Amino acid sequence: MPSQMILRHPVPPNSPALLPLQVPPPLTDVTEFPLSPHTPLSASLTSVSPQGKHWGILSKAEAMNIKKAVADGNLPEVVSALRETLKIVSRTPVNIAVTGDSGNGMSSFINALRNIGHEGEASAPVGVLKTTQTCACYLSPHFPNVVLWDLPGTGCATESLENYLMEMQFSRYDFFIIIASEQFNMNHVMLAKSIEDMRKKFYVVWTKLDMDLNTSALPEGQLQQIIRENILENLQKKQVCEPPMFLVSSLEPLSYDFPKLRDTLGMDLIKNRCHDLLQNLSHTCEMAINDKATFLQKKITTQSLQDACGILDADDLAVCLKAYRLLFGVDDESLWQVTQRMGRTFTNYTNIMKSRDVQGLNKRDLRLTWMTCTVLRAFLSLLRYIPWLGDRIIHYFRRMKQMYLLEIVAKDTKTILRKVLEDSIIPQ
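The rules behind these values
- Residues numbered from 1 in each chain as written.
- Predicted model: local features only at pLDDT ≥ 70, side-chain atom pairs only at ≥ 80, totals over all residues.
- Heavy atoms only, no water.
- Helix = DSSP H or I, 4+ residues; strand = E, 2+ residues; numbered from the N terminus.
- Expected span 1.5 Å × (residues − 1).
- Buried < 20%, exposed > 50% of the residue type's maximum accessible area, 1.4 Å probe, protein only.
- Arc of directions from axis to C-beta.
- Contact = heavy atoms within 4.5 Å.
- Polar contact = N/O pair within 3.5 Å; in protein donor to acceptor, adjacent residues only side chain to side chain.
- Axes fitted to C-alpha atoms, helices over the stretch in contact; angles between N-to-C directions.
- Parallel < 35°, antiparallel > 145°, perpendicular 65-115°, else oblique.
- Left-handed = near helix turned anticlockwise from the far one by under 90°.
- Nonpolar A, V, L, I, M, F, W, Y, C, P; charged D, E, K, R; others polar.

*Asks:* Would you explain the environment of Gly 329 in this entry?
*Replies:* Along the chain, Gly 329 turns up in the loop between helix 10 (317–328) and helix 11 (332–342). For the pair formed by Gly 329 and Thr 413, sequence separation is 84 residues and the distance between their alpha carbons is 7.9 Å.

*Asks:* Help me understand helix 1 (residues 60–71) in this model?
*Replies:* Count 3.6 residues to each turn of an α-helix, and residues three or four apart come out pointing the same way. In this model, helix 1 (12 residues) spans 16 Å end to end at C-alpha, consistent with the 16 Å of a helix rising 1.5 Å per residue. For helix 1, the full list of buried residues reads Ala 63, Ile 66, Ala 69 and Val 70. Buried residues in helix 1, looked at end-on, bunch into an arc of 130°, giving them a common side. Pointing more than 90 degrees away from the buried face of helix 1 are the exposed residues Lys 60, Met 64, Asn 65 and Lys 68.

*Asks:* Quick question: what am I supposed to make of helix 7 (residues 220–237) here?
*Replies:* In this model, helix 7 (18 residues) spans 26 Å end to end at C-alpha, consistent with the 26 Å of a helix rising 1.5 Å per residue. Those residues of helix 7 that sit buried are Leu 223, Gln 224, Ile 227, Ile 231, Leu 232, Asn 234 and Leu 235. Looking straight down helix 7, one finds its buried side chains confined to an arc of 165°; they lie on one side. Residues of helix 7 that are buried sit in contact with helix 5 (186–197), strand 6 (201–206), helix 6 (209–215) and strand 7 (245–247).

*Asks:* I tried to follow unusual backbone geometry on my own but got confused; where do I start?
*Replies:* The general pattern is negative phi for most residues beyond glycine and trans for most peptide bonds. The backbone of Asn 115 sits at a positive phi, close to 65°, despite the residue not being glycine. Secondary-structure assignment places Asn 115 in the loop between helix 3 (106–113) and strand 3 (136–138).

*Asks:* Explain the environment of Asn 185 to me, please; I cannot follow it from the model alone.
*Replies:* Along the chain, Asn 185 falls in the loop between strand 5 (175–180) and helix 5. Note on Asn 185: relative accessible area 18%, which makes it buried. Along the primary structure Asn 185 and Asn 234 are separated by 49 residues, whereas in three dimensions their C-alpha atoms are 7.6 Å apart. Within the structure, Asn 185 has its side chain in polar contact with the side chain of Asp 101 (distance 2.6 Å).

*Asks:* I would appreciate a short explanation of the packing of helix 2 (residues 75–89) against helix 11 in the present structure.
*Replies:* Each pair of packed helices gets described by two things: the angle between the helix axes and the distance between those axes. Interaxial distance between helix 2 and helix 11 falls to 8 Å at its minimum, and their mutual angle equals 25°. Comparing their axes, helix 11 and helix 2 come out roughly parallel. Here helix 2 and helix 11 pass one another in a crossing that is right-handed. Residues Leu 75, Pro 76, Glu 77, Val 79, Ser 80 and Arg 83 of helix 2 form the contact with helix 11, whose participating residues are Ser 334, Leu 335, Gln 337, Val 338, Arg 341 and Met 342. When the residues that make up the contact of helix 2 with helix 11 are grouped by side-chain class, the tally is 6 nonpolar, 3 polar and 3 charged.

In structure tokens, the structure reads:
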């Protein structure tokens, strides 16, 4: 394992020699550190190490609140509960490991990503020689609650890549950035393969593009295409899926792919934090909607529609549709409240609904079109003259239409809640 590391704080003038400082507590929340976002943090991986994700688990209280709101058809309350849960998760730290071959410029890249010059007192040390011999971590105001880990390059005091992965405790990071320059070799490929096998996201960032352009006679676009094709060709040899690739210069953080890298990383960090929780929330909502639909279907089967759902005319599909939307909380008034809380437009949600109105639903849904067609209605009218059997068949078809309408509204509710979850993590 790497040797014990110390916090690197700027040394004030006229101060005595820098002595080892006490290692801070385990990293659980970046906001707990009484440090500037620019301040580097360095400590041994046994003391300050990236923590595994724990935000994918929904507490019983949170799940019960969501299920109750769904059962009550209170969609605005469901939205509030979902957003509050996601807000808590958004403050959870994400640990990004920056790795690559020694001398590829990992530290320079971290400085550029943090928008800090190499001469700054809080910058990661850089140089011609291998400067990063131990793990160090840094914060940045541009990426709140994100810890950037500057790892020693591969081949730096390690006998093999397997030893490197073990020493750097790769399994404990959430996200990876593989740095390359001059060549994309087998070490880079194996790093990518190992990360992909862990089912974690990574980028490939080619640094020192400015130097490549200065020494090449090829046009910028052609050179960039050659570099991308070379990276992809090497990754394909080990059947590694194509990752996001960025060609940058750490000396020019506003040029080439650097702005795109910042924007993409910001979005992916949100998704990285929320992925497990979103799956959990979506599953909880869908189960609650299924339970409500099953409960209503049983009531429709055993009771009159008026007693079960407050519907006076069972043959008026417009009335039935309006009642079901109200029961599930996807009526117009509820959707207006949702749009106010989400900061979106009304059509953002109504456009994805099948059950917006009966006329549109009849045109789009073949099964419902068949259930309400003139031929079938004429047939059912004739059955009225057949004692007992006719009434039972008419009742069966009426109930079948009600069940299907209920199913459509339940599916719409799931669709809207999935959209709400998506909108909650993607800024406008």
